[in-house]
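# Fold and geometry: a report
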Amino acid sequence: LPRYLETLQLSGGKLDEFINPKYVDAARTAFKSPTRLECMMQDYAKTVPPNHPVGWTRYPLEYGYFPCKNDLASAAKLSALGVPAHSASTA
């Protein structure tokens, strides 16, 4: 915990943010949903001082990667393409 607190003090708890718009189609003239600021948890490692070890665990997706991030219509299209739908209907 002391190393984590040191990292928070150095970074102020801030991570880089980006805008990740979702468009209705390839024309990119209409948003599919409201655009928001996002940050990636992977960016946390960039804030850790070099003398602090950072690690991660990787496991097969079928062990429990079930995000709920697509609406039903988008999920149906993805499923038809053989791509994981990542929807409430498939969790």
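Before reading further, recall that the structure is shown in the block above.
Residues numbered from 1 in each chain as written. Predicted model: local features only at pLDDT ≥ 70, side-chain atom pairs only at ≥ 80, totals over all residues. Heavy atoms only, no water.

Per the secondary structure count, the chain includes two helices and two strands. Written out in order from the N terminus, the α and β elements of the chain read α-β-β-α. For a compact globule of 91 residues, the expected C-alpha radius of gyration is about 12 Å, and the chain comes in at 18 Å, more than 25% above that figure. Each of the three principal axes of the chain carries a C-alpha extent, and together these read 45 × 35 × 20 Å. If you take every contact in the chain between residues at least 6 apart in sequence, the share linking residues at least 24 apart comes to 29%. (Helix = DSSP H or I, 4+ residues; strand = E, 2+ residues; numbered from the N terminus. Rg over C-alpha atoms; globule rule 2.2 N^0.38 Å. Contact = heavy atoms within 4.5 Å.)

This paragraph deals with the pattern of salt bridges. Taken as a whole and judged by the stated rule, the model has three salt bridges. Between Lys-32 and Asp-71 there is a salt bridge whose closest N-O contact spans 3.8 Å. Here Lys-32, found in the loop between strand E1 (18-19) and strand E2 (37-38), pairs with Asp-71, found in the loop between E2 and helix H2 (72-80); they are 39 residues apart in sequence, far enough to count as distant. Overall, Lys-32 belongs to the partly exposed group, its relative accessible area being 40%. Taking the relative accessible area as the measure of exposure, Asp-71 reaches 38% and is therefore partly exposed. A salt bridge links Asp-43 to Lys-46; its shortest N-O distance comes to 3.2 Å. (Salt bridge = Lys/Arg side-chain N within 4 Å of Asp/Glu carboxyl O. Buried < 20%, exposed > 50% of the residue type's maximum accessible area, 1.4 Å probe, protein only.)

The subject of this paragraph is unusual backbone geometry. The phi angle at Arg-28 is positive, at roughly 55°, despite the residue not being glycine. Positive phi values are uncommon outside glycine, yet His-86 reaches one of about 45°. Its location among the elements puts His-86 in the segment after H2.

Bringing the packing of aromatic side chains into the picture now. This model, assessed by the stated rule, comprises three aromatic pairs. Ring plane angle 20° and centroid distance 5.4 Å describe the contact between Tyr-23 and Phe-31, whose orientation is recorded as stacked. With relative accessibility at 27%, the residue Tyr-23 sits in the partly exposed group. Judged by centre distance (6.5 Å) and plane angle (15°), the ring pair of Tyr-59 and Tyr-63 falls under stacked. Judged by relative accessible area, Tyr-59 falls into the partly exposed class, the value being 45%. By relative accessible area, Tyr-63 is classed as exposed at 63%. (Phe/Tyr/Trp six-rings, centres within 6.5 Å; stacked < 30°, edge-to-face > 60°.)

Our focus in this paragraph is the environment of Ala-30. Here Ala-30 shows up in the loop between E1 and E2. Filtering out sequence-adjacent residues up to four positions away, Ala-30 remains in contact with Lys-22, Tyr-23 and Val-24.

Take the side chain of Ser-87 next. By secondary structure assignment, the location of Ser-87 is in the segment after H2. By relative accessible area, which is 1% here, Ser-87 ends up buried.

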